[in-house]
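# Summary of the model geometry
Read off the chains here:
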Amino acid sequence: TLAVDKTGTLTEGKFQVQGFRCFDEGNEKETLKIAASIENASSHPLAKAVLEYIRGQNIEPATVERFKTVPGRGAEGYVGSHLYFAGNHRYAHELGVCTPEIEAYLTELEHKALSVVIVGHIPYYGHAGKVLGILSLGDSLRKNARNAIESLHAAGVKKVVILSGDNQKTVDAIAKLAGVDEGHGELLPEDKVQKLKQLALADKYVGMVGDGINDGPALAHAAVGISMGAAGTDAAIETSDVALMQDNLEELPKAILQGRRVLSVIRFNIGFALVTKGAFLILAVMGISN
């Protein structure tokens, strides 16, 4: 079984903002400024796309204090005297700021295979919290992703599974486009490790392909950890056993076949050497060979 991350592995990892909806009427620019301020301190691909989009509208980020990354959810920090967050659907739901209207809108976006960045107030000191705006972002499937998955199956990989922190509906849409057997979304880094352990109960060897910091624990626990060498983070590359230097998934089935060929040559060489030594040992005992 081979588990693969979605963003930057199956997809290009080059997000673009497709739309913005403000839920704080009359404060569109202020909401975008808050989003830019928080995302300016983050290194996530979504954050970079959001920042580029907002700066394109001549809105510059403000200073953020007590910035904190929340793994698998987003980030938060103080802009002025207020505590704000920029994160995914899961984070907004956990904070208790999702209304039926927002849930309906998020479901609509997720059915279109779009990722979201939700910006809002974090509840504190009696403040109920509120969603201020939602940015929707799209990422395209790598051109050779489907061919790579087909080649992996042909090379003997029984099952290819997506393990992603993105929402389940987006993961399902990408899994269908790529021809992947299963898709599991809304996973935190530790959830990916647990899912690998579950997969290992059915198959002895479970590999993992990833490129981000969040993939590090899963890459370390996999039978074989494989990173995207060019676009991958240092943490992912250092943790993995194999790095695909061209960021091309089609190189992976080639590597599997090459590995098998090398292993067969090694086995033949060792077998031939042992047979040769055994033959000369017998001949020496018989007094025929020196």
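One can find the structure itself at the top, above this paragraph.
Quick look at the structure, then. (Residues numbered from 1 in each chain as written. Predicted model: local features only at pLDDT ≥ 70, side-chain atom pairs only at ≥ 80, totals over all residues. Heavy atoms only, no water.)

## Comments concerning the sheet that holds strand β10 (residues 207-210)
Counted only if it meets this: For two strands to be treated as a pair, DSSP must find at least two bridges joining them. By the criteria applied, helices consist of DSSP H or I runs no shorter than four residues and strands consist of E runs no shorter than two, each listed in order from the N terminus. For helices, the fitted axis covers only the stretch in contact; all axes are lines through C-alpha atoms, and the angles between them, taken along N-to-C directions, range from 0 to 180 degrees.
An order of β9-β8-β1-β10-β11-β12 is seen for the six strands of this open sheet, with the pairing classed as parallel. Looking at which strands have only one partner, the edges of the open sheet turn out to be β9 (182-184) and β12 (242-244). Pairs of neighbouring strands in the sheet enclose a mean axial angle of 20 degrees, with direction left out of account. When strand β1 (residues 2-4) meets β10, the two strands line up parallel, connected through three bridges. The residue of β10 that forms the bridge with A3 is M208.

## With respect to helix α6 (residues 145-154)
Here is the rule we go by: The rule is simple: take the accessible area with a 1.4 Å probe, protein chains only, and divide by the maximum for that residue type; under 20% is buried, over 50% is exposed, in between is partly exposed. What the arc measures is the spread of directions leading from the helix axis to the C-beta atoms. Whether two residues are in contact is decided by their heavy atoms: any pair within 4.5 Å suffices.
Within the sequence span of α6, burial applies to A145, A148, I149 and L152. Projected down its long axis, α6 shows its buried positions confined to an angular sector of 100 degrees, all on one face. Looking at the buried positions of α6, the neighbouring elements they touch are β1, α1 (6-10), β8 (160-163), α7 (168-178) and α11 (251-285). Just downstream of α6, G156 is the residue with a positive phi angle, here 110 degrees.

## Here we look at helix α8 (residues 189-202)
Helical geometry: 3.6 residues make up each α-helical turn, so side chains three or four residues apart lie on a common side. Three or more residues of α8 are buried, namely P189, K192, V193, K195, L196 and L199. Axial view of α8: buried residues confined to an arc of 165 degrees, hence all on one face.

## Some remarks on the nonpolar core
Considering soluble globular proteins, one finds that nonpolar side chains tend to be buried as a cluster. So the rule is basically this: Residues belong to one nonpolar core when they are buried, are Ala, Val, Leu, Ile, Met, Phe, Trp, Tyr or Cys, and are joined through side-chain atoms within 4.5 Å.
In this structure, V50, I54, V117, L135 and L137 are the most contacted members of the largest nonpolar core, which totals 23 residues. In contact with L135, not counting residues within four places along its chain, are V17, G19, F20, L32, A35, V50, Y53, S115, V116, V117 and V119. Counting 21 residues, the second-largest nonpolar core is a separate cluster that includes L2, L10, V180 and I226.

## Digging into the packing of helix α2 (residues 28-39) against helix α3 (residues 45-55)
Rules: When describing relative orientation, an angle under 35 degrees is termed roughly parallel and one over 145 degrees roughly antiparallel, while 65 to 115 degrees is termed roughly perpendicular and anything else oblique. In a left-handed crossing the near helix is turned counterclockwise from the far helix by less than a right angle, and in a right-handed crossing that turn is clockwise.
It is at 9 Å that the axes of α2 and α3 come closest, and there the two elements cross at 135 degrees. When the axis of α2 is compared with that of α3, the two are oblique. Considering only the axes of α2 and α3, their crossing is left-handed. Contact residues: L32, A35, A36 and E39 in α2; A47, V50, L51, Y53 and I54 in α3.

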